[in-house]
Amino acid sequence: MKIFIDGKYYDEKNAKISVFDHGLLYGDGVFEGIRAYHGRVFKLKEHIDRLYCSAKAILLDIPLSRQAMTRAVIDACRQNRVRNGYIRLLVTRGIGTLGLNPNRCKRPSVIVIAGKIQLYPPALYARGMEIVTVPTTRNLVNAVNPAIKSLNYLNNILAKIEANIAGVEEAIMLNAEGFVAECTGDNLFIVRQRQLLTPPLSAGALYGITRGTVIDLAREADLNVAEATLTRYDLYNADECFLTGTGAEIIPVVKIDGRAIGSGKPGPLTRQLTDQYHALTRITGEPIR
Ligand code: PXG
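Residues numbered from 1 in each chain as written. Predicted model: local features only at pLDDT ≥ 70, side-chain atom pairs only at ≥ 80, totals over all residues. Heavy atoms only, no water.

Notes on the nonpolar core
The cut-off we apply is this: In these notes, a set of buried Ala, Val, Leu, Ile, Met, Phe, Trp, Tyr and Cys residues joined through side-chain atoms within 4.5 Å is what counts as a nonpolar core. Relative accessibility decides the category of a residue: with a 1.4 Å probe and only protein chains considered, values under 20% of the type maximum give buried, values over 50% give exposed, and everything between is partly exposed. By the criteria applied, helices consist of DSSP H or I runs no shorter than four residues and strands consist of E runs no shorter than two, each listed in order from the N terminus. The criterion used for residue contact is that any of the two residues' heavy atoms lie within 4.5 Å.
One finds Val30, Val41, Leu51, Met69, Ile87, Leu89 and Val91 to be the most contacted residues of the largest nonpolar core, which totals 28 residues. Of all the elements in the fold, those that place two or more residues in this core are β3 (29–37), α2 (44–57), α3 (66–79), β5 (85–92) and β6 (109–115). By residue number, the principal contributor to this core is α3, which donates six residues. Those residues within four positions of Val91 in sequence are excluded, and the remaining contacts are Gly29, Val30, Leu51, Leu60, Ile62, Met69, Pro108, Ser109, Val110 and Leu151. Counting 23 residues, the second-largest nonpolar core is a separate cluster that includes Ile172, Val180, Leu243 and Ile261.

In structure tokens form, the structure reads like this:
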């Protein structure tokens, strides 16, 4: 695998960053996780836009234009002959001194890794997954806003560890007010009386690209979609529940905190949206050439 770092390609064993990079020292930086399907990069513009929004929020000046960044992602796929895969795009604050001050960092670093994706086990898609709510609360929007896809994911990692301890693969995180925000790496939807509901960004959700795609697909199919503040009670009494993310795509949830959701099997709208999503990945995206 050849990895792009600041305009040059390095093979895996030489792809290194400095121990003085503030991305490592302080988690100071932003990232994206992007998929390629059938020789095309899916929703690339949306991911690039979100990357620049995350960077803006932390006053990080990305040293590449959006066009050059788009080119770098496509080129990294081409160099690695990735047609179906996963692209991790990172911008770190760059090399500085020991000490928080980002002013000491002269130039942010841009890293593009184009490789394979680690997915949930296929059986979970067929049967649906069981998840739990966990004690670690979503970051406050007034602290490190969870809308920023920053390199500091420790809050989510703690929640993921709590899910692992409970013997499940994902955790539902609540915000400080006790409303549902999202999962550690996936957004959450429920279906109630044929209406799709998902927490608003103000509840502490990430502006998920898959979430946005699912909302568009649902509207195309004449389904009613709304953002809603949801409690655990709403989840337990939903007809269906599913998670969305670049990695997960759409994965059904059939049990939450020991309560079976709906019939206890993946629901019909979850299946319908999954089919629509897969159809879209077959026909759209930025060609890798
Ligand atoms: N919530 C959080 C906290 C995320 O980090 C999503 C929701 C889903 O957003 P998208 O835009 O992907 O629909 C994410 C995305 C990984 C990995 O390597 C993480 C994400 C996506 C893909 C891979 O763990 N997070």
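After that view, the rundown keeps rolling.
Quick look at empty space enclosed by the protein
Formally: The method works on a 1 Å grid over the protein atoms by themselves. A cavity is a set of points holding a 1.4 Å probe that cannot get out, a pocket is an open set with protein on both sides within 12 Å along at least five of seven lines, and residues with an atom within 4 Å of a point line them. Grid points are joined across faces, edges and corners, and a volume is the space filled by probe spheres set on the points. Charged means Asp, Glu, Lys or Arg here, nonpolar means Ala, Val, Leu, Ile, Met, Phe, Trp, Tyr, Cys or Pro, and polar covers whatever is left, Gly included. Per the annotation, domain bounds derive from an automatic or database assignment of domains.
If you walk through the whole model with that rule in mind, you get two cavities of 30 Å³ or more. Put simply, the largest cavity is a space of about 50 Å³. Lining the largest cavity, in full, are Arg35, Tyr37, Phe42, Lys43, His47, Ile209, Thr210, Thr246 and Tyr277. Where the lining of the largest cavity is concerned, the elements lending two or more residues are β3 and α6 (209–220). In the lining of the largest cavity, the residues fall into four nonpolar, three polar and two charged. Looking at which domains feed residues into the lining of the largest cavity, each of domain 1 (2–115) and domain 2 (122–283) supplies at least three. The calculated volume of the second largest cavity comes to roughly 40 Å³. For the lining of the second largest cavity, the elements supplying multiple residues, two or more each, are β13 (240–245) and β14 (249–256).

As for the domain arrangement of the protein
Defined as follows: Two parts placed together each lose some accessible area; with a 1.4 Å probe, that loss summed over both constitutes the buried area. Throughout this description, the term salt bridge denotes a Lys or Arg side-chain nitrogen within 4 Å of a carboxyl oxygen of Asp or Glu. For the purposes of these results, a polar contact is taken to be a pair of N or O atoms within 3.5 Å, where, inside protein, one atom must be able to donate a hydrogen and its partner to accept one; residues adjacent in sequence count only when each atom of the pair is a side-chain atom.
Along its sequence, the protein is carved into domain 1 (2–115) and domain 2 (122–283). Summarising the inter-unit geometry, the C-alpha centres of domain 1 and domain 2 are found 26 Å apart. Listed per partner, the contact involves 25 residues of domain 1 and 20 residues of domain 2. Of the roughly 1800 Å² buried at the junction of domain 1 and domain 2 (both faces included), carbon and sulfur atoms supply 62%. Across the contact surface, domain 1 and domain 2 share one salt bridge. Glu249 is the salt-bridge partner of Arg35, the closest N and O atoms lying 3.3 Å from each other. The tally of links from domain 1 across to domain 2 stands at nine residue pairs in polar contact (both at pLDDT 80 or more).

Description of a nonpolar patch on the surface
Short version of the rule: Note that patches include only residues with greater than 30% relative accessible area and no salt bridge, and the join distances are 9 Å for like charges and 5 Å for nonpolar side chains (Val, Leu, Ile, Met, Phe, Trp, Tyr). To measure how exposed things are, a 1.4 Å probe is used in the Shrake-Rupley method; for residues, cover is taken only from the protein chains shown.
Nonpolar side chains collect at one region of the surface, where Ile17, Val19, Phe20, Leu24, Leu25, Tyr26, Ile95, Leu98 and Leu100 lie side by side and expose about 880 Å² of accessible area between them. One can find Phe20 in the loop between β2 (8–11) and α1 (22–26). The exposure class assigned to Phe20 is partly exposed, which follows from its relative accessible area of 40%.

Describing the pairing of strand β8 (residues 171–174)
To be explicit about the condition: What makes two strands pair is DSSP finding at least two bridges between them. Looking down the strands as they point away from the viewer, one classifies a crossover as right-handed if the path from the first strand across the helix to the second runs clockwise.
Side chains of β8 alternate between two faces, with Ala171 and Met173 and Ile172 and Leu174 buried alike. With two bridges joining them, strand β7 (residues 129–133) and β8 adopt parallel strand pairing. Following the sheet pairing, Val132 is matched in β8 by Ala171. Once you follow β7 into helix α5 (residues 154–165) and on to β8, the crossover reads as right-handed. Note: β8 against strand β9 (residues 180–183), three bridges, orientation antiparallel. Opposite Leu174, over in β9, you have Val180 as the bridge partner. In this structure, the hairpin formed by β8 and β9 is closed by a connection of five residues, where Gly178 is found at a positive phi of approximately 95°.

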